[in-house]
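Structural features, examined
Chain by chain, the residues:
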Amino acid sequence: MQNAGIAFAIRPCEVREMRVRPSIGAAVVVWVCVVAGCAPMRVSSHVDRELDFTRYRTFDWGPADALPAGDARLERNAFFQDHVQGAIERNMAAKGFERAPATAEPDVRIHFHAVVDRRLDVNRLDAQSGYCSRNDCQGGVSEYEEGTLVIDMIDVRTNRLVWRGWAQDSVEGVLDNEDRLARKIEDAVRLMLMRLPAAR
Amino acid sequence: MSSTQLSVRLSLVMIAALLLASCAPIGVDSYVGRDLDLRRYHTYAWAPPDAFSTGDPRLDNNTFFIERVQQAVDGQLRQKGFEKVSAGQPDVVVHYHARVEQRLDSSVLRPGEPDCQTGDCGPVVYDAGTLLIDFVDPRSNQLIWRGWAERGLQGVVDNQTLMDAAVDDAVRRIMERFPS
């Protein structure tokens, strides 16, 4: 669990302020994560805030956007594609959305894409959990693979993006393990779509 | 530690040594084409958004971000007396590019240094965002002005309100440097 994906992307100025009051709570959470092997998934979204989402009820799948989606291990991976699609359909149904019948135009079209990037991570855990003393902690920098799953929702009438959600997490040891990949997809889609306003 | 890990670690230390980032909250700078009087430009139009990746999948093809940048620039140019035109040739074509890169900053204290009180010192990684605005004269196809701003993006993209404010602030500071 060296690459736990705990992305401490902290700006230097803020770090100096924060060090004055080290948070015991945060250290405990981090320690629990190291022991239990959990990685924090970061989930968020952007939304058209002036839009009333109760005007939408039906959805269908749309074409992917123009940018290359990134990782070939996921792009041509039927297991990944099927699981994301299935998870989105289940969570959309729970939100009150219906899959549009083949003969009708949907209210919104959904597409998703995944990107895998190499990211740096500074590992501060050794010092916090007492694995090294003050003088031999190196503040190790490691590299890990971070996956980003993006879901876009486009209004069919206006052809505008009305909602985008994403989840980012370390995918070390996940892409070649179907069980772990399936669990990661389930969590990512559920947490993302929790942020989507409900349909009418 | 395996030899691969060791070499990764060593190369990162070398990168870290090269990247002594300053602590400025936002860096802004600009460039003016030589011998140009920017006051003779009055109308502008947007170039089509570029097809390059920003380096951040959250921002690629993100119309919430794209439109916020354009609205902020539109507002600043209006205040400077520029008029946006949709027909005919504008005096300048405006183009912007956003880029997000992860940076490693090693300028902070090292464990073992006397000033490192907590034992929690060492390099930090953070996302640096650069927003760049170009003004191009369509007749000569020359870059006449370029302004840019760079800042850390910790927690910014994930929070739409913070992102909107960061875009507005960066655009305002960039356009302050544009002669009017």
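Each value, and the rule that gives it
- Residues numbered from 1 in each chain as written.
- Chains lettered and ligands numbered in written order.
- Predicted model: local features only at pLDDT ≥ 70, side-chain atom pairs only at ≥ 80, totals over all residues.
- Axes fitted to C-alpha atoms, helices over the stretch in contact; angles between N-to-C directions.
- Helix = DSSP H or I, 4+ residues; strand = E, 2+ residues; numbered from the N terminus.
- Left-handed = near helix turned anticlockwise from the far one by under 90°.
- Contact = placed C-beta atoms within 7 Å.
- Nonpolar A, V, L, I, M, F, W, Y, C, P; charged D, E, K, R; others polar.
- Pairing = 2+ DSSP bridges.
- Core = buried A, V, L, I, M, F, W, Y, C linked by C-beta atoms within 7 Å.
- Buried ≥ 20, exposed ≤ 12 C-beta atoms within 10 Å, placed from the backbone.
- pLDDT = per-residue confidence, 0-100.

A few points about the packing of helix α2 (residues 63-79) of chain B against helix α3 (residues 160-176) of chain B
Residue and element names in this part refer to chain B. The contact between α2 and α3 brings their axes to 9 Å, and the two run at 35°. Seen from above, α2 lies across α3 with right-handed handedness. Taken together, the residues of α3 that come into contact with α2 (itself represented by Phe64, Phe65, Arg68, Val69, Ala72, Val73 and Gln76) are Gln160, Met163, Asp164, Val167, Asp168, Val171, Arg172 and Met175. The residue makeup of the contact of α2 with α3, split by class, is 9 nonpolar, 2 polar and 4 charged.

Here's the deal with the sheet that holds strand β5 (residues 124-137) of chain B
Think of a sheet as strands paired side by side through backbone hydrogen bonds, with each pair either parallel or antiparallel. Residue and element names in this part refer to chain B. Taking strand neighbours across the sheet as the criterion, the 6 strands line up as β1-β6-β5-β4-β2-β3 in an open arrangement whose pairing is mixed. Looking at which strands have only one partner, the edges of the open sheet turn out to be β1 (26-32) and β3 (83-84). Pairing of strand β2 (residues 43-46) with β3, which is carried by 2 bridges, proceeds in the parallel orientation. By the bridge assignment, Tyr44 is partnered in β3 with Lys84. Lying over the sheet, α2 contacts β2, β3, β4 (92-105) and β5, oriented at roughly 125° with respect to β4. Sitting on the sheet, α3 is in contact with β1, β5 and β6 (142-152), with an inclination near 140° to β6.

A closer look at the nonpolar core
Counting residues in each nonpolar core, the largest one holds 67 residues, and the members touching the most others are Val84, Leu149, Val189 and Met192 of chain A. Leaving out residues up to four positions away in the same chain, Leu149 of chain A has contacts with Val84, Phe112, Ala114, Trp166, Ala167 and Ala188 of chain A.

So, the environment of Ile88 of chain A
You can see Ile88 of chain A is positioned in helix α4 (residues 78-94). Each C-alpha atom, one on Ile88 of chain A and one on Ile110 of chain A, is 9.2 Å from the other, the two residues being 22 residues apart in sequence.

Re the confidence of the model for chain A
On average, chain A scores 78 in pLDDT, and the residues at 70 or more come to 68%. Low pLDDT, under 50, characterises residues 28-38 of chain A; the predicted model gives this stretch 12 contacts beyond four residues in sequence or across chains.

With respect to the pairing of strand β4 (residues 108-122) of chain A
Residues and elements named next belong to chain A. Pairing of strand β2 (residues 58-61) with β4, which is carried by 3 bridges, proceeds in the parallel orientation. Bridged to Trp61 within β4 is Ile110. The sheet contact formed by β4 and strand β5 (residues 141-155) spans 15 bridges and is antiparallel. Within the sheet, the bridge partner assigned to Leu120 lies in β5 and is Glu143.

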